[in-house]
Amino acid sequence: MRIARFSIDGNVAFGAVEGSAPDELVLDIIKGIPFADFELSGTKVPLSKVRLLPPVLPSKVVAIGRNYAEHAAELGNEVPEVPVAFFKPSTSVVGPGDPIAYPSFSNELHHEAELAVVIGRMCREVPRERVKDVVLGYTCANDVTARDVQQREKQWARAKGFDSACPLGPWIETDLDPGDLTIQCTVNGVQRQLGRTSDMVRSVEELIAHVSEAMTLLPGDVVLTGTPAGVGPLNVGDEVAVTIEGIGTLTNKVIKRG
């Protein structure tokens, strides 16, 4: 099932995305929330009539760095012995179609296409064999990074946590095997990144087990799994799109921060 979060006529709701042709997609409004037992209302609205929102509002986004060997190498880094985790705040999250505001304190903004894992239930110390039980589904993410700031500051909080630095969407796919999916990024229609999730150094199961060993994950929290090689610059006016096999495409435009 594809689960979207959307607004219509000033109201916010979740809905199940139905259909295959882009111009024929509809949303069957969900009774309740997708983190518990729910029913479909049978009330359907065309996707074209709503505004898609970030599919979740996470209490935290836990991101993993250097989880693709070729990406680590392109930035002159080694693959770490243990996963490198960092946070992106909830205020960095935006949805499909929302602008990425180029931060005034950076001169080198980069895209990073990533598979995002959406947590479906409160959990802690999850063994690898039970990770599927705590995952609601998967969505596309762009770990937008102020690369120059990342390189000159020892901590990555400002470089990766500024407002609009974490686009998510367009929806959550609940029925998906994340083990070997195509992941790509285009800028103004030109391909920049192309990889497969099977190239990840550590699997989704390993990452969730590692993160939950240290902290409680709540429903709606997001874990980013790293980016393949090919990261590169974004400029004001660029349209950047992240596409993941079996999920869809997340598109955002870069604007000047007002």
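Preceding block: the structure.
Counting from 1, residues in each chain are numbered in the order their sequence is written. Local features in this predicted model are restricted to residues of pLDDT 70 or higher, and side-chain atom pairs are both shown and tallied only at a pLDDT of 80 or more, whereas totals for entire chains, interfaces and linings draw on every residue. Side-chain metrics in this entry use all non-hydrogen atoms of the structure; hydrogen atoms and water are not considered.

Draft legend 1. Geometry of the packing of aromatic side chains. Aromatic pairs are defined between Phe, Tyr and Trp rings, using the six-membered ring for Trp, whenever the two ring centres lie within 6.5 Å; interplanar angles under 30 degrees are classed as stacked, those over 60 as edge-to-face, and all others as tilted. Tallied over the full model, the rule gives three aromatic pairs. With 6.3 Å between their ring centres and 80° between their planes, F105 and F162 make a pair best called edge-to-face. Placement of the pair is F105 in the loop between β9 (100–102) and β10 (109–111) and F162 in the loop between α4 (157–161) and β14 (166–173), with a sequence separation of 57 residues. Residue classification places F162 among the buried residues on the basis of a relative accessible area of 5%. Taking the ring centre of W171 as reference, the NZ or CZ of R2 above it sits at 5.5 Å. By the criterion adopted, a ring carries a charge over it if an Arg CZ or a Lys NZ lies within 6 Å of its centre and within 35 degrees of its normal. Above the face of the F105 ring, R158 is positioned so that its terminal group lies 4.6 Å from the ring centre. Labels follow the DSSP assignment, with helices taken as runs of H or I lasting at least four residues and strands as runs of E lasting at least two, numbered in each case from the N terminus. Three exposure classes are used, based on accessible area relative to the maximum for each residue type with a 1.4 Å probe and protein chains only: buried under 20%, partly exposed in between, and exposed over 50%.

Draft legend 2. Focus on unusual backbone geometry. Each neighbour pair has its own omega, and for G169 with P170 the value is 5°, a cis peptide bond. When you line up the elements, P170 lands in strand β14. Positive phi, normally seen in glycine, also occurs at D9, with a value near 55°. Among the secondary structure elements, D9 is positioned in the loop between β1 (2–8) and β2 (11–18). With a relative accessible area of 74%, D9 lands in the exposed category. Positive phi values are uncommon outside glycine, yet E125 reaches one of about 50°. Checked against the element boundaries, E125 lands in the loop between β11 (113–119) and α2 (131–134).

Draft legend 3. Local environment of helix α5 (residues 204–212). Within α5 the residues assigned to the buried category are V204, L207, I208, A209, V211 and S212. Those residues of α5 that are buried lie in contact with β6 (61–65), β11, α2, β12 (135–142) and β17 (222–224). It only takes one pair of heavy atoms within 4.5 Å for two residues to be counted as in contact.

Draft legend 4. View of the sheet that holds β10. Only strands joined by at least two bridges in the DSSP assignment are considered to pair. Across the sheet, three strands lie side by side as β13-β10-β18; this open sheet has antiparallel pairing. Strands with a single pairing partner mark the edges of an open sheet, and in this sheet they are β13 (145–146) and β18 (232–234). Pairing of β10 with β13, which is carried by two bridges, proceeds in the antiparallel orientation. Pairing of L109 across the sheet is with A146, part of β13.

Draft legend 5. Molecular detail of the pattern of salt bridges. In the sections that follow, a salt bridge refers to a side-chain nitrogen of Lys or Arg positioned within 4 Å of a carboxyl oxygen of Asp or Glu. A full pass over the atoms with the stated rule returns 13 salt bridges. For R147, the salt bridge identified is with E112, shortest N-O distance 2.7 Å. Of this pair, R147 sits in helix α3 (residues 147–152) while E112 sits in the loop between β10 and β11, and the two are 35 residues apart along the sequence. The salt bridge partner of R130 is D133, with a shortest N-O separation of 3.8 Å. Residue D133 is classed as partly exposed on the basis of its relative accessible area of 46%. Taken together, the salt bridges that share partners define one network made up of K88, E112, D143, R147 and K160.

Draft legend 6. Fine view of the environment of V149. Positionally, V149 belongs in helix α3. For V149, a relative accessible area of 0% gives the class buried. Spatially, the C-alpha atom of V149 lies 5.3 Å from that of A159, the residues being 10 residues apart in sequence. In contact with V149, not counting residues within four places along its chain, are F105, S106, R158 and A159.

Draft legend 7. Quick peek at the layout of surface pockets. Only protein atoms enter the 1 Å grid used here. Points where a 1.4 Å probe fits but cannot escape make up a cavity, open sets with protein on both sides within 12 Å along at least five of seven lines make up a pocket, and a residue lines them when an atom lies within 4 Å of a point. Grid points are joined across faces, edges and corners, and a volume is the space filled by probe spheres set on the points. Within this model, the largest pocket holds a volume of roughly 240 Å³. Along its surface, the largest pocket is lined by 19 residues, and R66, L75, N77, Q150 and W156 are the ones closest to its centre. Contributions of two or more residues to the lining of the largest pocket are made by β6 and α3. Looking at the lining of the largest pocket residue by residue, the class counts come to four nonpolar, seven polar and eight charged. Contributing to the lining of the second largest pocket are V131, K132, V135, L136, Y138, T174, D175, L176, D177, P178, V204 and E205. Mapped by element, the contributors of at least two residues to the lining of the second largest pocket are α2, β12 and α5. Under the scheme applied here, ten amino acids are nonpolar (Ala, Val, Leu, Ile, Met, Phe, Trp, Tyr, Cys and Pro), four are charged (Asp, Glu, Lys and Arg), and all others, including Gly, are polar.

Draft legend 8. Spatial organisation of the sheet that holds strand β20 (residues 248–256). One open sheet holds the five strands; their spatial order is β9-β20-β19-β15-β16, and the pairing between them is mixed. Of all the strands in the sheet, the pair left with one neighbour each is β9 and β16 (190–196). Here the strands of the sheet are splayed against their neighbours by 20° on average, with no regard to which way each runs. Pairing analysis gives five bridges linking strand β15 (residues 182–187) to strand β19 (residues 239–244), with the strands arranged antiparallel. For I183, the partnering residue across the bridge sits in β19 and is I244. The convention used is that axes are lines fitted to C-alpha atoms, helices contributing only their stretch in contact, and that angles between N-to-C directions extend from 0 to 180 degrees.

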